[in-house]
Amino acid sequence: MYGFNSAVSGLIASQRSLYVTNHNLNNMNTEGYSRQVANQRATTPFHMPGTGFLGTGTEIYDIERMRDSYIDLKYWNESAPMGEWEVKENTLMEIEKLFGEVSDSSFRQYMDDFFEALTNLSTNPSDFSYREPVKETAIALTKHINETAKRLENLKNETEFIIETKVKQVNDIGDQIAALNKQIYALEIDGNSANDLRDQRDLLVDELSKIVNVRVDESTGGKYKVSISGITLVDYDYVTKMEYGPKDKDDINSPKELKWSNGNDINLRSGELKGLLDLVDGDGENGNYRGIPYYQKKLNEFAKGFAEGINKQHREGYGLDGSTNIDFFIIDEKNSAATIAVSKEIIEDLRKIAVAGEPGGVEDNKNLLKIIALREDNEFFTDGMSKGNPDDFIKSILSNMAVDSMQANRMKNTQEIVMKNILRRRQSESGVSIDEEIGNLVKFQHAYVSAAKMITTFDTILDVTINRLGLVGR
């Protein structure tokens, strides 16, 4: 009987190994799946006095998930910076498109057209056909500034919406992890491993680790905890929620902030959410990131400074009708870029363009020449790093944008290389190799057939012993 039972155990062990191999092959393209291995060992031998130990067969004692916790830790640590710099690079590319550099719709192109129209007018101060292009190019310039300001505001609103979506995603993932924690704990209470559920949970952590920086801990009792910057998001089946909304609950237009549901601050170190918050809050002051508010502020400074500079000189000149002290541009200083426009007086009456330096000078262009010279005036703007003429101011904004975009691109590319190496290591450890599994399939099939032949052999022996032995001489 020991031989028969031994053969049966080999048959069952080979069959179960085939099941595991089949499961691996079926899930070789399943995202997050970890290769499984049926661990096999010899069963307890039978002691025969005076003879020794007689083997009793084999058994499958565990189905192990091939997973390296160190590689997972590396992946989760590096995934967050990857998400952060991806978000920043994509958004900065959007801002670059808004400023239109280098293209026919760039700021400098609109300024070239405006100052070219002024230069042409200086050669024919009394000709209305030269005054009309001045008005039209000025309107085109102001509308471009208005449109850029509007698009920056829309981009900021879109980014805030994405933040709200990511916060909801973090909360949803937390709920899913908590639910899996309870299922896994219930299934593993007898000492076995719920491998496929653990794969699902780790896949959720993979997804979460790109959004925020995470740390994962599992106690000896199997309790699983996920924390963000030292604050617990999931503690077994308890989830702490994130909230993103106005700082002042009574004023929906007040700046928004990210908080835990209990009111505590959230200090993110990396991740998509960190990148989005930097972009929507970064004003570039006191070492802060240069996000959308920084470029909004610079655009407002340009619009305000440009309008005030042109207006100051324009007010000193005289129009064809003898008018003076007329503003060329109008702005609302609270939101300069969105409100800059050509003044109503200029639009309604081209004679009020103050070309002359003295009253009554029909062909006098002295004041207009001074306005044209402002473009090369290095004292036109005097605000910190943006000082200089209008072209210098725009160049400084574009230069900062180029530096930020280049940094985001380089950091993202570096993280891509790091992530590829980690994914390659994870794939070699946990991935399913079709060649290896097909080899196992053949191996376990042969073992199954061999065990079946042993059972057939023992069946034949028993048949002969029981039914045919002793029939001779009857």
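So, how was this worked out
Residues numbered from 1 in each chain as written. Predicted model: local features only at pLDDT ≥ 70, side-chain atom pairs only at ≥ 80, totals over all residues. Heavy atoms only, no water. Helix = DSSP H or I, 4+ residues; strand = E, 2+ residues; numbered from the N terminus. Buried < 20%, exposed > 50% of the residue type's maximum accessible area, 1.4 Å probe, protein only. Pairing = 2+ DSSP bridges. Axes fitted to C-alpha atoms, helices over the stretch in contact; angles between N-to-C directions. Parallel < 35°, antiparallel > 145°, perpendicular 65-115°, else oblique. Contact = heavy atoms within 4.5 Å. Nonpolar A, V, L, I, M, F, W, Y, C, P; charged D, E, K, R; others polar.

Undergrad: An account of unusual backbone geometry is needed here, citing residue identities and associated values.
TA: Of note, Y236 is a non-glycine position whose phi angle comes to about 60°, a positive value. Note on placement: Y236 falls in the loop between β7 (231-235) and β8 (238-239). Phi angles above zero are rare outside glycine, and N286 is one such case at about 55°. Along the chain, N286 turns up in the loop between α6 (272-281) and α7 (292-314). Residue N286 is classed as exposed on the basis of its relative accessible area, which comes to 79%.

Undergrad: Please set out the pairing of β7 residue by residue, giving values where relevant.
TA: Pairing between strand β6 (residues 224-228) and β7: 4 bridges, direction antiparallel. Note that in β7 the partner of I228 across the bridge is I231. Between β6 and β7, which pair antiparallel in sequence order, lie 2 residues; one of them, S229, sits at a positive phi of approximately 50°. Two elements, β7 and β8, share 2 bridges in a ladder whose sense is antiparallel. For V234, the partnering residue across the bridge sits in β8 and is V239. Connecting the antiparallel pair β7 and β8 is a turn made up of 2 residues, with Y236 showing a positive phi of about 60°.

Undergrad: Would you mind going over the packing of α7 against helix α11 (residues 390-430) in detail, with residue names and values included?
TA: Geometrically, a packed helix pair is captured by the angle between its two axes and the distance between the axes. Running from N to C, α7 and α11 point in directions that differ by 175°, and their axes come no closer than 10 Å. Put simply, α7 runs roughly antiparallel to α11. For the pair formed by α7 and α11, the contact residues are Y294, Y295, K298, E301, F302 and F306 on the first element and P390, F393, I394, I397, N400, M401 and D404 on the second. Class assignment of the residues belonging to the contact of α7 with α11 gives a composition of 9 nonpolar, 1 polar and 3 charged.

Undergrad: Outline the sheet that holds β8, listing residues and values.
TA: Taken together, 4 strands build an open sheet; the order of strands is β5-β6-β7-β8 and the sheet is antiparallel. Edge strands, defined here as strands with exactly one partner in the open sheet, are β5 (214-218) and β8. Lying on the sheet, helix α4 (residues 128-187) is in contact with β6, β7 and β8; it crosses β7 at an angle near 45°. Lying on the sheet, helix α5 (residues 195-211) is in contact with β5, β6 and β7; it crosses β5 at an angle near 155°.

Keep in mind these numbers describe shape, not what the thing actually does.
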